[in-house]
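Chain by chain, the residues run as shown.
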Amino acid sequence: MSGDIFLPDEKEITQGEAADLKLDPKDELARAQKLCLKAFKVGPGAAGFNKNLHIDLCPNGKGVSQGESADLNLDLEKACDIGPENPRQRRQDAYRVRLDAAIFEKNLPLPGHMCNGDELLYANKIGNYSKALPHNSLGEVNCNAYQAFIETLTTGDPADFAAIPLGGVVKLTNPQGAYAYEMAGPDSHHLRMVPPPAFSSTWEAGEMAEVYWQALTRDVHFADYDTNPLTLAAASELSGFSDFRGPKAGGLVTPGTLYRMDVPGGLVGPYISQFLLKDIPYGATSITQRYQTPVAGVDYMTTYEEWLNIQNGLPPAGTLQYDGTPRYIRTGRDMGEYVHKDFSCQANLSACMILLDLEPNALASTNPYLHSDTQVGFGTFGAPHILDFVVRVSRVALEAAWFQKILVNRRLRPEEFGGSVQNQLTGAACYPINPELLKSQAVAEVFNKYGAYLLPQAYPEGCPTHPAYPSGHAIYSGAGVTMLKAFFKESFVLPDPVVVSPDGLSLLPYEGPPLTVGAELNKLAVNIAMGRDFAGIHWRTDGSEGLRLGETVAIRILQDYRDTYNEDFIGFSFTKFDGTSIII
């Protein structure tokens, strides 16, 4: 094609080949060729050729200085690019867009980062995360080790992290991730969360009772919640807690609200979102969402010795047992295993692929190409744009989570709290645990089944080696789902909804109220968050507040990109997790 530049296939340009190019040093096209030549391994002949041209675009290999870069702007009138702006205008506008986004973030009010006060209240640090550090026989952290951990977090010096005392071979997970900066969207330190429940509170008691019940009901099929004695007992007891903050119907926890969250559409239809059941279009093939599931009835960390070893950072004694047949997600144990082995954007990416297969009908009404007679979206407002935002938001969300986990809250995990319950009820120690939990049916049922008051875990290793609040799964799920709601029509009714058969081997037609994109995306976010609770490694507020924080991350990224599009675009519009509408 006329005007194209073709360079030799070999990466070493000889003097003769360079001469054949017949470059004109005054021509901008020749300048482009010389830039390309710099990317090749230049031989002695070509070096002489460059000398004859009296130009050195990258002196000493250190890049182009401000003065030298001005030389590259010569002969712009001979360039081939067209458009409403000349190169200098475009450069200035590109700078302005980035600067405006940075100024917007900079001018937002500074938040106050409050914690629940447990770290100062308890000298033995029973209210804070300490897994993988050394502990005494009660599972209380070595105070010198904990103080060394805090001092390291205070300095942030990478060298100091190598000196944190560990109790075994298991390492801490990425504490330095709390300090990372981000180039688009909010800075992690500029996002605020409410403090989590305090160790001795009735709020904490209700949340701990819920995870005990989730452990007891891991193997109940979601379709059987209305009739199973355990789920009926769980709903009844949680209704009686003075400060249980899960969703209710008529003032009571019911089998239909059990282990759910009060988000728009979250209480409608089957427990599991359609986006965790439907086949996933994947290029020229599709993926059936049947997964390896653990054997029913096998729990871990139910003996004190095993629990204490794992708090000290020793590897688990057992390994996870699978039933050998891939199944659709139908129980809490199945859901817990999905979020055990998933990658950070997996569920959101799967939902995105399902929704893209339904376009254009499922696209948001604000998509500028939806009614165009001459264009379709691609790099902007098309599949690459949507996929990029759904995936990229995960990392920014995790940075926000790690700041809160490591540098603000350091909330203990439910498995650690279970050790305190064990020591309190056996008389080994005296802790300020709320009596509502200690006298609960959930704790009694666990003891009757296992002979200990520890929280039974779904994973042999228990929780990860980083603090609880907020849930990483919740924050990136909330962020990704928010992106999906910004690009797709929330009111679109999903075709051919399904439920899981009793054995988990097939999907059956669902009969009930229509299931919309917005409702099922919200449900997906809740499924991912609560799946970690089913495993015994997170609390309800880790998930509910994590979803909200992830939502904020996504909104701030969308705000930063709002003025980067050329299309006649009125903005992103969607419903937040609290039911309010937002337009960006």
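In the block above lies the structure referred to throughout.
In short, a report on the structure. Predicted model, so just to flag it, every value in this text is computed and none were measured. (Residues numbered from 1 in each chain as written. Predicted model: local features only at pLDDT ≥ 70, side-chain atom pairs only at ≥ 80, totals over all residues. Heavy atoms only, no water.)

Here we take up the overall build of the protein. What the protein contains, in helices and strands, is 20 helices and 8 strands. Counting over 584 residues, the protein shows a buried share of 51%. Pairs at least 24 apart in sequence give 77% of the contacts found in the protein among residues at least 6 apart. With an accessible surface of roughly 26500 Å², the protein has 55% of that area assigned to carbon and sulfur atoms. (Helix = DSSP H or I, 4+ residues; strand = E, 2+ residues; numbered from the N terminus. Buried < 20%, exposed > 50% of the residue type's maximum accessible area, 1.4 Å probe, protein only. Contact = heavy atoms within 4.5 Å. Areas by Shrake-Rupley, 256 points an atom, 1.4 Å probe, with all protein chains shown as cover.)

It is worth spelling out empty space enclosed by the protein at this point. What the rule picks out here adds up to 9 cavities of 30 Å³ or more. Looking at the largest cavity, it is lined by 18 residues, and the ones nearest its centre are I126, G139, E140, E416 and S420. The set of elements that each furnish at least two residues to the lining of the largest cavity consists of α11 (304–311) and α15 (414–425). Partitioned by chemical class, the residues of the lining of the largest cavity number 6 nonpolar, 9 polar and 3 charged. (1 Å grid on protein atoms, 1.4 Å probe; cavity = no way out; pocket = protein on both sides within 12 Å on 5 of 7 lines; lining within 4 Å. Points joined across faces, edges and corners; volume = space filled by probe spheres on them. Nonpolar A, V, L, I, M, F, W, Y, C, P; charged D, E, K, R; others polar.)

Turning our attention to the nonpolar core. Soluble globular proteins tend to pack their nonpolar side chains together in the buried interior. If you look at the biggest cluster of nonpolar residues, it comprises 126 residues, and the most contacted ones within it are L437 and F488. Ranked by the residues each element gives to this core, the list is headed by helix α14 (residues 383–409), at 10 residues. When neighbours within four sequence positions are excluded, F488 is seen to be in contact with L355, L356, A362, L363, A364, I386 and V517. M301, L308, A452 and L454 belong to the second largest nonpolar core, which has 6 residues in total. (Core = buried A, V, L, I, M, F, W, Y, C linked by side-chain atoms within 4.5 Å.)

A cis amide bond links E359 with the next residue in sequence, P360, at an omega value of 5°. When you line up the elements, P360 lands in the loop between α13 (346–356) and α14. Here Y469 and P470 are connected by a cis peptide whose omega angle stands at 0°. Considering the arrangement of structural elements, one finds P470 in the loop between α17 (441–450) and α18 (472–487). With phi around 55°, N174 is a residue other than glycine that occupies positive phi space. Note on placement: N174 falls in the loop between α8 (158–161) and α9 (202–216).

The next thing to look at is the layout of surface pockets. Counted as a void, the largest pocket has a volume near 950 Å³. Residue lining of the largest pocket: 31 residues in total, with A94, V97, R98, D560 and T564 positioned closest to the centre. Going through the elements one at a time, α5 (87–107) and α20 (540–561) are the ones with two or more residues in the lining of the largest pocket. The element best represented in the lining of the largest pocket is α5, accounting for 11 residues. Looking at the lining of the largest pocket residue by residue, the classes come out as 13 nonpolar, 6 polar and 12 charged.

Now for the environment of V408. Tracing the backbone through its elements, the reader meets V408 in helix α14. When the C-alpha atoms of V408 and H113 are compared, they prove to be 6.7 Å apart, with 295 residues separating the residues in sequence. Once you skip the residues sitting within four places of it in the chain, V408 turns out to touch H113, M114, C115 and F403.

Our next topic: a nonpolar patch on the surface. On the surface, Y95, L99 and I103 cluster together into a nonpolar patch covering about 270 Å² of accessible area. Considering the arrangement of structural elements, one finds L99 in helix α5. (Patch = residues over 30% accessible without salt bridge, like charges linked within 9 Å, V, L, I, M, F, W, Y side chains within 5 Å. Salt bridge = Lys/Arg side-chain N within 4 Å of Asp/Glu carboxyl O.)

Below, the discussion takes up α18. Between its first and last C-alpha atoms α18 spans 23 Å; for 16 residues at 1.5 Å apiece the expected length is 22 Å, and the two agree. Counting buried positions over the 16 residues of α18 gives 16, a clear majority of the element. Two to three positions downstream of the cap, the backbone nitrogen of H473 sits 3.3 Å from a side-chain oxygen, assigning the N-cap of α18 to S471. (Expected span 1.5 Å × (residues − 1). Polar contact = N/O pair within 3.5 Å; in protein donor to acceptor, adjacent residues only side chain to side chain.)

Let us now look at the pattern of salt bridges. According to the stated counting rule, one finds 21 salt bridges in the structure shown. Between R411 and E207 there is a salt bridge, and its shortest N-O distance comes to 3.3 Å. With R411 in the loop between α14 and α15 and E207 in helix α9, this pair connects stretches of sequence that are 204 residues apart. Here the two residues R411 and E207 agree in accessibility, since each one is buried. A salt bridge links R333 to D299; its shortest N-O distance comes to 3.0 Å. Of this pair, R333 sits in helix α12 (residues 332–341) while D299 sits in the loop between β4 (285–287) and α11, and the two are 34 residues apart along the sequence. The two residues R333 and D299 agree in class, both being buried. Residues participating in the shared-partner salt-bridge network are E204, E207, R411 and D542.

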